[in-house]
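Descriptive analysis of the structure
Okay, here's what each chain looks like letter by letter:
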Amino acid sequence: MGKTRLLVLLLCLCFCTVLNEAIQQLSSGTTEGVAKAGNSSQNLTEEEAQLFLQKIDEEGARRANIYNHLSWSFQTNITDYNREKLLSSITSNMGETYSKGKICDFFNSSKCDLSLEPEIEHIMKTSRNYDELKYVWKTWRDKVGRPVRCQFSEMVELLNEAAAYNGFETAADYWLFDYESKSFENDVERIAKQLHPLYEQLHAYTRRKLREIYGEDKISKTGPIPAHVTGNMWAQSWINIYDILVPYPNKTSIDVSETMVNQGYTPKIMFKKADDFFASLGLERVPDSFWNNSLLEKPSGRDLVCHANAWDFSDGKDFRIKQCTRVNQNDFSTVHHELGHVQYYLQYKHLPHIFRRGANPGFHEAIGDVLDLSVSTPKHLHKVGLLETYDIDDEADINFLLKTATRKVAFLPYGYLIDKYRWNILRGLITPQNYTKAWWKYRYEYQGIEPPVERTELDFDPAAKKHVSGNIRYIRYFAAHILQFQFHKALCLLAKEYDANDPNKPLHRCDIYQSKEAGKALKEMMSLGRSKHWKEALKLLTGTDQLDASALREYFLPLENWLKANNEEHGEIAGWDGYETWLQKNK
Ligand SMILES: CC(=O)N[C@@H](CC(=O)O)C(=O)NC[C@H](CC1(C(=O)N[C@@H](Cc2ccc(O)cc2)C(=O)O)CCCC1)C(=O)O
Ligand SMILES: [Zn+2]
């Protein structure tokens, strides 16, 4: 490592210690005030307590006690009060660096106002220029990753101290506490491994198709896929290179983005259509206030953090979404995802505040996606007039399954490794000296992805992702990608849209639209909020209390078989060179 690099690294480390010193200084300050940090909103009024005790059985009372205990942050002396302030200033500073990140244009270095949404993401989605993509990928990380490396390591220390107050060994255990299951961490690791063969087949096929576009010297035959050519800044979804991947290009197109524009769709109409779908199931429509209070598209001339968000104002009446919606099919899926959150808010708004949460965080992330699995079928798009005609045959099925896999299967290793990486940092198994080495080991081993340019311990690529800069937990999305297929299968059975023994009713052609039976089952599950253990909620809806990837596997089985045959036919070996081989090559 060059001398300058070493110097900068030392500087960075010493800066971190300076920050540590600052904490010590603050902590030696007087203890004049005591910061009472209890959360009043969590305490129940007397009549609310009586009401809820009548409503919820013994189990509920016990669980409420756990959450009541957790929701308090302890009486703190000035030392810890300052630590809390420092933690919140670090997290808001990192979040600000991310949301204000801008880069210059590759072709016009005087144009330097490109934001992530929509400009930079548009380039990652549409450019097929290898060098432009490499520049954008690297520059984004220089701007929002590298500068927060030290703050992130400070935050790790503070998160662990805060967790210790709540009686946890590390913040990783505090994060996992949300899943109320000793086996959860092993369960998700097992499921990630169980689904790896399916991912490997999709990876091998995608690597071949990309090699045909970018050439053998850029995309190797047995190696990983470079991170910047997948159509997505984080390689977490490959939907934007579906045009490269489509197996049977001469079949009728199933992309309705253009039709949406031609039919005069607006962001508001997209939300109205999604609201109609929930209503068709007998579920709640959003209240009138939603339309006045929400922000459904980016206002012109105003700088806005565009990352989509759904909000529950906890008054049983005010629910909002902020989303920079554009009229295309991808955003239509996101509309359903965000309205899924609002539907859950609506379904548990009668519960005491403590229980107004998803059965576990993965449940909350799955609801909207479940509806999207129906909405995105060619059959449904035809029903609502977005697809004039569509083919019903094996080749059309493969086209549709591959398109869904670019969103749902490609995501799996990414959805898993984000928190696996952070749990191991919080547990001290990954230290600041090897943040980058460990990150790219996981990205290589789980995702078969490599960086397009050399990375060093001055970089901090994980923070190029919103949820890492914003300290937002992520395993919920991996869990949601498993749960949504379990929910989908259960609801499709109720809607009589799926029959394992009927080749004309495979899981991937199911559309639960207008099924009151499906809606009733979903409503029953959501209205529990977190008043019961998620295993009870899952069993109520699906008959099993286990997180189980077999529904996802069944959904994609026709595609998995097709990919195996297609990869064999083209001599494309599934999988990529061992990590040690890759290290040697990149010495
Ligand atoms: C107050 C508050 O924070 N509210 C929460 C909701 C709640 O907790 O009540 C909230 O609004 N979170 C924002 C977040 C936004 C999105 C996201 O970040 N998605 C992930 C992962 C992913 C990937 C594929 C997929 O199909 C679905 C998700 C990513 O983009 O990487 C961006 C577009 C989609 C969802 C969200 O809605 O989950
Ligand atoms: Zn969500």
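Structural notes, computed from the coordinates. Everything numeric here is computed off the predicted structure, so don't read it as measured data. (Residues numbered from 1 in each chain as written. Chains lettered and ligands numbered in written order. Predicted model: local features only at pLDDT ≥ 70, side-chain atom pairs only at ≥ 80, totals over all residues. Heavy atoms only, no water.)

A covalent bond bridging the sulfur atoms of two cysteines is what the word disulfide describes. Applying the stated rule across the entire model yields three disulfides. The residue that forms a disulfide with Cys-104 is Cys-112, at a sulfur-sulfur distance of 2.1 Å. Disulfide Cys-104-Cys-112: torsion about the S-S bond near 105 degrees, hence right-handed. What makes Cys-104 partly exposed here is its relative accessible area of 23%. Judged by relative accessible area, Cys-112 falls into the partly exposed class, the value being 36%. Each disulfide pairs two cysteine sulfurs, and for Cys-492 the partner residue is Cys-510, the sulfurs being separated by 2.0 Å. What sets the handedness of the Cys-492 and Cys-510 disulfide is the S-S torsion sign, and at about -90 degrees it is left-handed. Note that Cys-492 is positioned in helix 22 (residues 475-494) and Cys-510 in the loop between helix 22 and helix 23 (516-526), a separation of 18 residues in sequence. Across this residue pair, the class does not change: Cys-492 and Cys-510 are buried. (Disulfide = S-S within 2.5 Å. Buried < 20%, exposed > 50% of the residue type's maximum accessible area, 1.4 Å probe, protein only. Helix = DSSP H or I, 4+ residues; strand = E, 2+ residues; numbered from the N terminus.)

On the protein side, the zinc ion (ligand 2) has His-337 (NE2), His-341 (NE2) and Glu-365 (OE) as donor atoms, found 1.8 to 2.0 Å from it. Motif for the zinc ion (ligand 2), donor spacing along one chain: H-x3-H-x23-E. One end of the pair, His-337, is in helix 15 (residues 329-347); the other, Glu-365, is in helix 16 (residues 361-375), and 28 residues separate them in sequence. Judged by its relative accessible area of 13%, His-337 falls in the buried class. Of the residues examined, Glu-365 reaches a relative accessible area of 7% and is grouped as buried. (Donors = N, O, S within 2.8 Å, 3.2 Å for Na, K, Ca; no water.)

The next subject is the side chain of Thr-206. With respect to the helices and strands, Thr-206 occurs in helix 10 (residues 196-214). A polar contact of 2.7 Å, which involves the side chain of Thr-206, links it to the backbone oxygen of Leu-202. If near-sequence neighbours (up to four positions away) are discounted, Thr-206 is found in contact with Ile-225, Trp-238, Ile-241 and Leu-245. (Polar contact = N/O pair within 3.5 Å; in protein donor to acceptor, adjacent residues only side chain to side chain. Contact = heavy atoms within 4.5 Å.)

What follows concerns the site of ligand 1. Around ligand 1 sit 20 residues in total, of which His-307, Glu-338, Tyr-345, Tyr-474 and Tyr-477 are the nearest. Within the side chain of Asn-309, one N or O atom sits 3.2 Å away from an oxygen atom of ligand 1. In the environment of ligand 1, an oxygen atom lies 3.2 Å from a nitrogen or oxygen atom belonging to the side chain of His-341. Counting residues per element, the ones that place at least two in the shell around ligand 1 are strand 4 (309-312), helix 15, helix 16 and helix 22. If you tally residues by element for the shell around ligand 1, the top one is helix 15, at five residues. Of the residues in the shell around ligand 1, the class split is seven nonpolar, eight polar and five charged. (Near = heavy atom within 4 Å. Nonpolar A, V, L, I, M, F, W, Y, C, P; charged D, E, K, R; others polar.)

Counted according to the given criterion, the structure contains 38 salt bridges. For Asp-113, the salt bridge identified is with Lys-111, shortest N-O distance 3.1 Å. Its salt-bridge partner being Glu-395, residue Lys-251 comes within 3.9 Å of it at the nearest N-O pair. Taken together, the positions of Lys-251 in the loop between helix 11 (242-245) and helix 12 (257-262) and Glu-395 in helix 18 (residues 394-408) put the pair 144 residues apart, joining distant regions of the chain. (Salt bridge = Lys/Arg side-chain N within 4 Å of Asp/Glu carboxyl O.)

The next subject is the packing of helix 22 against helix 25 (residues 550-569). For any two helices packed against each other, the geometry comes down to the angle between their axes and how far apart the axes lie. Where helix 22 contacts helix 25, the axes come no closer than 7 Å and their chain directions differ by 75 degrees. The angle between the axes of helix 22 and helix 25 places the two elements in the roughly perpendicular class. Residue-level inspection shows His-481, Ile-482, Phe-485, Gln-486, His-488 and Lys-489 of helix 22 in contact with helix 25, the latter providing Ala-551, Leu-552, Glu-554, Tyr-555 and Phe-556. (Axes fitted to C-alpha atoms, helices over the stretch in contact; angles between N-to-C directions. Parallel < 35°, antiparallel > 145°, perpendicular 65-115°, else oblique.)

Attention now moves to the environment of Val-370. By the secondary structure assignment, Val-370 is in helix 16. Once the C-alpha coordinates of Val-370 and Glu-536 are considered, the two residues, 166 residues apart in sequence, prove to be 19 Å apart. Not counting residues within four places of it along the chain, the set of residues in contact with Val-370 comprises Gln-484, Phe-487, His-488 and Leu-491.

A few words on the side chain of Asn-424. Locating Asn-424 in the fold gives a position in helix 19 (residues 411-426). Judged by relative accessible area, which is 11%, Asn-424 ranks as buried.

The next subject is helix 9 (residues 184-194). One turn of the α-helix equals 3.6 residues, which is why residues spaced by three or four share an orientation. Within helix 9, the full set of buried residues consists of Phe-184, Asp-187, Val-188, Ile-191 and Ala-192. Relative to the axis of helix 9, the buried residues are bounded by an arc of 130 degrees and lie together on one face. Pointing more than 90 degrees away from the buried face of helix 9 are the exposed residues Asn-186 and Lys-193. Those residues of helix 9 that are buried lie in contact with helix 8 (171-177), helix 10, helix 19 and helix 22. (Arc of directions from axis to C-beta.)

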